[in-house]
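Commentary on secondary and tertiary structure
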Amino acid sequence: EVQLVQSGAEVKKPGESLKISCKGSGYSFTSYWIGWVRQMPGKGLEWMGIINPGDSDTRYSPSFQGQVTMSADKTISTAYLQWSSLKASDTAMYYCARHCGRGISCYDYWGQGTLVTVSS
Amino acid sequence: IQLTQSPSSLSASVGDRVTITCRASQGISSYLAWYQQKPGKAPKLLIYAASTLQSEVPSRFSGSGSGTAFTLTISSLQPEDFATYYCQHLYSYPHTFGQGTKLEIK
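Residue positions are given per chain, counting from 1 as you read along its sequence in written order. Just so you know, chain letters begin at A and ligand numbers begin at 1, following the order they were written in. Reporting of local features is limited, given that this is a predicted model, to residues whose pLDDT is at least 70; pairs of side-chain atoms are given and counted only at 80 or more, and all residues count toward the totals for whole chains, interfaces and linings. Water and hydrogen atoms play no part in the side-chain values, which are based on all heavy atoms of the structure.

A closer look at the pairing of strand β7 (residues 61-66) of chain B
- The pairing of β7(B) with strand β8 (residues 69-74) of chain B spans six bridges and is antiparallel. Bridge assignment links G63(B) to a residue of β8(B), and that residue is L72(B). When DSSP locates at least two bridges between a pair of strands, those strands are taken to pair. Runs of E in the DSSP output that reach at least two residues are strands. Runs of H or I that reach at least four are helices, and both are numbered from the N terminus.

Structure (structure tokens):
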């Protein structure tokens, strides 16, 4: 069974750093790109970027370029999303999702989400 | 590439046929997916390649269109279909989402 399991909710202060994770199982982790999606409270979905866990090739949305860093450790089938200095406006739910691959364009499996709260 | 969904919200009754539209700011061929999201849950893939139904998604859902105009149709609304629906293009990076359509019970 394909699963993406994300790390738990985080409460941080502005200026702190954070790294959240997304662990894949039930499939070949390096064969499918992993995307990240932000959902601010009460708002819609925003595509942040995507990473190839096989070689760490990464594409960022211009809206998030320089604001976050995506990485992956293929030895433990885990993708990461990190911030070096959080802002209150980073408060949101963050989802990882598997790109369908094999010439099919979609995101077919999603993590359960990680809620990040940034507050002083 | 921007995606514009209409309407932003919609009230309908069980058994109704509903259609949601998604328009792209430029041609995206058939590189469009539709997702359903319920409160507190992750999005769920319904349709990809504009019209291909994802495995185990009920056949009352259908998608059509290509280029710049796309539709998601639910042929006969069921109680579990009341949710927010998003389109997403995958033609080029960034893979932008539409702003969402909230489907509510009338």
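Here we look at the packing of aromatic side chains
- Only Phe, Tyr and Trp rings are paired, with Trp represented by its six-membered ring, and only when their centres lie within 6.5 Å; those with planes under 30 degrees apart are stacked, over 60 edge-to-face, the remainder tilted. Applying the stated criterion across every chain, the model contains nine aromatic pairs over all chains.
- Relative to Y32(A), the ring of Y27(A) has its centre 5.4 Å away and its plane inclined at 80°; by these criteria the two rings are edge-to-face. Considered together, Y27(A) and Y32(A) belong to a single accessibility category, that of buried residues.
- Put simply, the rings of Y95(A), W110(A), Y35(B) and F97(B) touch in pairs and so form one group of aromatic residues.
- A positively charged side chain is recorded as over a ring if its NZ (Lys) or CZ (Arg) lies within 6 Å of the ring centre. The angle to the ring normal must also be within 35 degrees. Its end group placed over the ring of Y27(A), R98(A) keeps NZ or CZ at 4.7 Å from the ring centre.
- Sitting over the ring of Y32(A), R98(A) keeps its end group 3.8 Å from the ring centre. Exposure categories follow from relative accessible area, calculated using a 1.4 Å probe and restricted to protein chains: below 20% of the type maximum is buried, above 50% is exposed, and the middle band is partly exposed.

Here's the deal with the pattern of salt bridges
- Definition used for salt bridges: Asp or Glu carboxyl oxygen within 4 Å of a side-chain nitrogen of Lys or Arg. Summed over all chains, the structure comprises six salt bridges over all chains.
- We note a salt bridge from D108(A) to R98(A), for which the minimum N-O separation is 2.8 Å. One end of the pair, D108(A), is in strand β10 (residues 104-110); the other, R98(A), is in strand β9 (residues 92-101), and 10 residues separate them in sequence. Accessibility assignment for this pair places D108(A) and R98(A) in one class, buried.
- D81(B) serves as the salt-bridge partner of R60(B), at 2.8 Å between the closest nitrogen and oxygen. Of this pair, R60(B) sits in the loop between β6 (52-53) and β7 while D81(B) sits in the loop between β8 and β9 (84-89), placing them 21 residues apart in sequence.
- The exposure class assigned to D81(B) is buried, which follows from its relative accessible area of 1%.
- Here the salt bridges share partners, and the residues they tie into one network are R60(B), E80(B) and D81(B).

A look at the interface of chain A and chain B
- Here, residues are in contact when the closest pair of their heavy atoms is within 4.5 Å. Contact with chain A, which involves 22 residues of that partner, is made by 18 residues of chain B.
- Roughly 1,600 Å² of surface becomes buried between chain A and chain B when both sides are summed, with 69% attributable to carbon and sulfur atoms.
- When the area that chain A buries against chain B is broken down by residue, the three leading residues are L45(A), W47(A) and S105(A), summing to 36%.
- The tally of links between chain A and chain B comes to zero salt bridges.
- Identification of polar contacts relies on pairs of N or O atoms within 3.5 Å, with a donor-acceptor requirement for protein atoms, meaning one able to donate a hydrogen and the other able to accept it, and with residues adjacent in sequence counted only if both atoms are side-chain atoms. Linking chain A to chain B there are six residue pairs in polar contact (both at pLDDT 80 or more).
- Secondary-structure elements contributing two or more residues to the side of chain A that touches chain B are β4 (34-39), β5 (45-51), β9 and β10 of chain A.
- Per-element tally for the side of chain A that touches chain B: the top contributor is β10(A), with six residues.
- For this scheme, ten residues count as nonpolar: Ala, Val, Leu, Ile, Met, Phe, Trp, Tyr, Cys and Pro. Four count as charged, namely Asp, Glu, Lys and Arg, and the remainder, Gly too, count as polar. Counted by class, the side of chain A that touches chain B contains 12 nonpolar, six polar and four charged residues. Two parts placed together each lose some accessible area under a 1.4 Å probe, and the buried area is that loss summed for both.

A short note on the sheet that holds strand β10 (residues 101-105) of chain B
All names here are of chain B.
- In spatial order, the strands read β2-β10-β9-β4-β5-β6; together these six strands make up an open sheet with mixed pairing. In this open sheet, the two strands that pair with only one neighbour each are β2 (9-12) and β6.
- Bridging between strand β4 (residues 32-37) and strand β5 (residues 44-48) involves three bridges; their strand directions are antiparallel. Counted as the bridge partner of Y35 is L45 from β5.

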